[in-house]
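Summary of structural features
Here are the chains, one letter per residue:
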Amino acid sequence: MNLHYLMNELYYQKRRTLTAILGLSIGIALLIILNALSTAYRQAAQAPLKEIGADITVQRPGDVPKDLTGVVFPCSAVTIRDDQVKKIECLPGVRGVGKAVLLWVFDPSRAWIVLGVEQQNSIGPAVLRSAVTEGRYLEPGKLEALVEISYARQFGIKVGDTITMANTSFPVAGLVDASRAAKIAVANVYVPIEEAQKLAAASSQVQSVSPFSPSDVNLLFIKADQDKITDLASALRNIVDKKATIGTPDSFLKLLGSFFALSDKLTMAASLIAIIVAVLIAFKTMAGNIAERAREIGVLKAVGWTNHNVVSQLLAESVIQCFLAGLFGLLLAAIVAFGLSFMDVNIPIPWDMSPTPHFLPGGGDQIFKTLRLPVHIPWILACFGVLLSVVIGGATGAMLGRTISRIKPSEVLRHE
Amino acid sequence: MNNVVNNGALLSGKGLSKTYGDLTVVKDVSVSVKAGEFVCLVGKSGCGKTTLLSLLSGLERPTRGQVMLAGKDITSATEDELALFRRQNVGFIFQSFNLIPTLAAWENVALSLFPIAMKETEREQRALDLLEKMEMGHRTEHLPSALSGGEKQRVAIARALINRPKLLFADEPTGNLDSATGDAIMEILNRLHREEGVGILMVTHEVELAKTADRLIRMHDGEVIS
């Protein structure tokens, strides 16, 4: 293989070189972008759960309470018993469990959405700690509450005030901007979980729909091994209820409805098509280029180049060309990915994860988690794209080189 | 059998025939060329001269017959053996020059040295020396597209000489040149033959050009007639 000859061929035959590079680079760019988009949608779908430090949420749907007075459970989240929670904690793949109790409190003068949270657990609504805008977060062992800032503004509640819900008084320790923290597991008022459990256990409305003891909960947030999430979802249904609402990244992905979010298999199929397109483009372009050089190959053989010499030269040209195509494809993909990273994606939150009663103003509105599409090209994907391009170049160059090297010099040189 | 064979020949073809489908282009021809001899193969267009040249140089295999070049039977050699044999023993000059368009003049000259492991400077020096000898020392870095027809053929002759061949095969070397340039090219070939003892087998349809040759072989309808 002569490097100088190779470089001259690529440099002086610009049309040939650019056609081959451009054709293949489009295929490679397509492959990289398809996979980057698929990964981006997957990451986006994890966002609502990641916000609360979990990979899975568990709720159990139940009956609608007879009267909307006092303390009630939303019909989308009724009792998950303590023994069920303990079984869940022992499931393989479960790395941690966060618990919460979601209540609707209908007092004569006001309705409250109340969430009982574990102050010290990093899994679940305790992430609100970072969203305190005024005052402080809940301290262990204290009977106090946090109020959502917009709710506090609406009703003139300030830090240091005392609010009374279901005949229980809670000093307001702080205000939180829940919209900064999460879209699921949000409420008007946050209290220690033990207090919420006491309120629920004491409520005849709750007990009539779903028997509840002070150690039970109605929302679970699970941190799990990524590769076990699918298996865990079915195990959780077996433990809690066949009709349980299990929120996973996959369930959010399905709600997105984007082509790129549909499935791994579709992405694989689309990638395969992109690879086939890239191979066909490379093969067709290079076959045309090499056919144009039949006379040149004849000359090389006439002056003493062996078949091996010819194949080596063409193979090296092809590999270098495809390597450049891979790099150019990567550059194209990076430009497209940069453009797409300014795109917003709206992830719908299922109605049963929305804490607001549907009969209250705004309660029936679809809630979205909106975020910038996190498109980026991982190193491994970038390397794979370039490597694939080189492999295509090698295979194409070797195949075409072997074919063209078989020509007899006399056949291409005889007609003067 | 048409016999133009000399004993002690550098090149000899015996009973050579070449058939394409139903068409026999070369019919039972025997020829030979001695070392340092300048032989012209003349005849009208389409009489089989170029095919015979291809058979004798190992560019093509005969349907029948045997070619011995520098003591080796090249008719039974493999493709790669033939290529190596051509690289080491013969040079080619074509009517339409057949220079590689993307290589500079000196690189075209050094073309058959590319697969050989040697220093780039040595390769270049050998090519430059030959171009100098062809009075092309001022055009060494030019691409073929920047050269005139005569200059291209000088580069092609230099390329044919790079491996110090025993025999040059020239197929209508002046066919694409005007008469003055053609004369200059013939002068170069004559000089190589006279002064350096290079053997030449040249195909031409112009008998005038063949006058300076040591020997003439005439062909007609695929047969040697004298």
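None of these values were measured; they are calculated from a predicted model.

1. Here we look at the side chain of Ser203 of chain A
All names here are of chain A. Tracing the backbone through its elements, the reader meets Ser203 in the loop between helix 6 (193-201) and helix 7 (204-209). For Ser203, a relative accessible area of 7% translates into the label buried. Polar contacts involving the side chain of Ser203 include one to the main-chain amide nitrogen of Gln205, which spans 3.3 Å.

2. A few points about the sheet that holds strand 9 (residues 199-204) of chain B
Residues and elements named next belong to chain B. As summarised here, the arrangement of the 6 strands in space is 7-8-9-4-10-11, forming an open sheet in which the pairing is mixed. The sheet is open, and its two edges are formed by strand 7 (90-93) and strand 11 (223-224), each paired on a single side. By the bridge criterion, 5 bridges tie strand 8 (residues 167-171) to strand 9 in an arrangement that is parallel. Counterpart to Ala170 in the pairing with strand 9 is Met202.

3. Things to note about the packing of helix 2 (residues 14-50) of chain A against helix 9 (residues 249-256) of chain A
Residue and element names in this part refer to chain A. Taken N-terminus to C-terminus, the directions of helix 2 and helix 9 make an angle of 115°; their axes are 8 Å apart at the nearest point. The element helix 2 and its partner helix 9 pack so that their crossing is right-handed. Taken together, the residues of helix 9 that come into contact with helix 2 (itself represented by Tyr41, Arg42, Ala45, Gln46, Pro48 and Leu49) are Pro249, Asp250, Phe252, Leu253 and Leu256. Of the residues assigned to the contact of helix 2 with helix 9, the class counts are 8 nonpolar, 1 polar and 2 charged.

4. Brief notes about the interface of chain A and chain B
If you look at the interface, chain A gives 24 residues, while chain B gives 29 residues. Contact between chain A and chain B buries roughly 2500 Å² in total, counting both sides, with carbon and sulfur atoms accounting for 56%. At the surface where chain A touches chain B, the tally comes to 1 salt bridge. A salt bridge links Glu79 of chain B to Lys301 of chain A; the nearest nitrogen and oxygen atoms lie 3.4 Å apart. Put simply, chain A and chain B have 13 residue pairs in polar contact (both at pLDDT 80 or more) between them. Secondary structure elements with two or more residues in the side of chain A that touches chain B: helix 1 (3-12), helix 11 (294-302), helix 12 (307-340) and helix 14 (409-413) of chain A. With 6 residues, helix 11 of chain A is the largest single contributor of residues to the side of chain A that touches chain B. Taken together, the residues of the side of chain A that touches chain B sort by class into 9 nonpolar, 9 polar and 6 charged.

About the thresholds
- For every chain, the first residue of the written sequence is number 1, and numbering continues from 1 onward in sequence order.
- Each chain is given a letter, starting from A, and each ligand a number, starting from 1, according to the order in which they appear as written.
- Local features in this predicted model are restricted to residues whose pLDDT is 70 or higher, and side-chain atom pairs enter the listing and the counts only when it is 80 or higher, whereas totals over whole chains, interfaces and linings include all residues.
- Excluded from the side-chain calculations are hydrogens and water; all other atoms, namely the structure's heavy atoms, are used.
- A run of H or I in DSSP counts as a helix once it spans at least four residues, and a run of E counts as a strand once it spans at least two, with each numbered from the N terminus.
- Buried, partly exposed and exposed residues are distinguished by accessible area as a fraction of the type maximum, computed with a 1.4 Å probe on protein chains only: under 20%, between the cut-offs, and over 50%, respectively.
- We define a polar contact as two N or O atoms separated by no more than 3.5 Å, with the added condition that, inside protein, one atom must be a possible hydrogen donor and the other a possible acceptor, whereas residues neighbouring each other in sequence contribute only through side-chain atom pairs.
- DSSP-based pairing: two strands are paired if at least 2 bridges between them are found.
- Angles shown run from 0 to 180 degrees and are taken between the N-to-C directions of axes, each axis being a line fitted to C-alpha atoms and, for helices, limited to the stretch in contact.
- The sense of a crossing depends on the near helix, which, turned anticlockwise from the far helix by less than a right angle, makes the crossing left-handed and, turned clockwise, makes it right-handed.
- By the convention used here, residues are in contact when the closest approach between their heavy atoms is within 4.5 Å.
- Polar here means any residue other than Ala, Val, Leu, Ile, Met, Phe, Trp, Tyr, Cys and Pro, which are nonpolar, and Asp, Glu, Lys and Arg, which are charged; Gly is therefore polar.
- Computed with a 1.4 Å rolling probe, the buried area is the accessible surface lost when two parts are put together, summed over both parts.
- The term salt bridge refers to a side-chain nitrogen of Lys or Arg lying within 4 Å of a carboxyl oxygen of Asp or Glu.

Keep in mind these numbers describe shape, not what the thing actually does.
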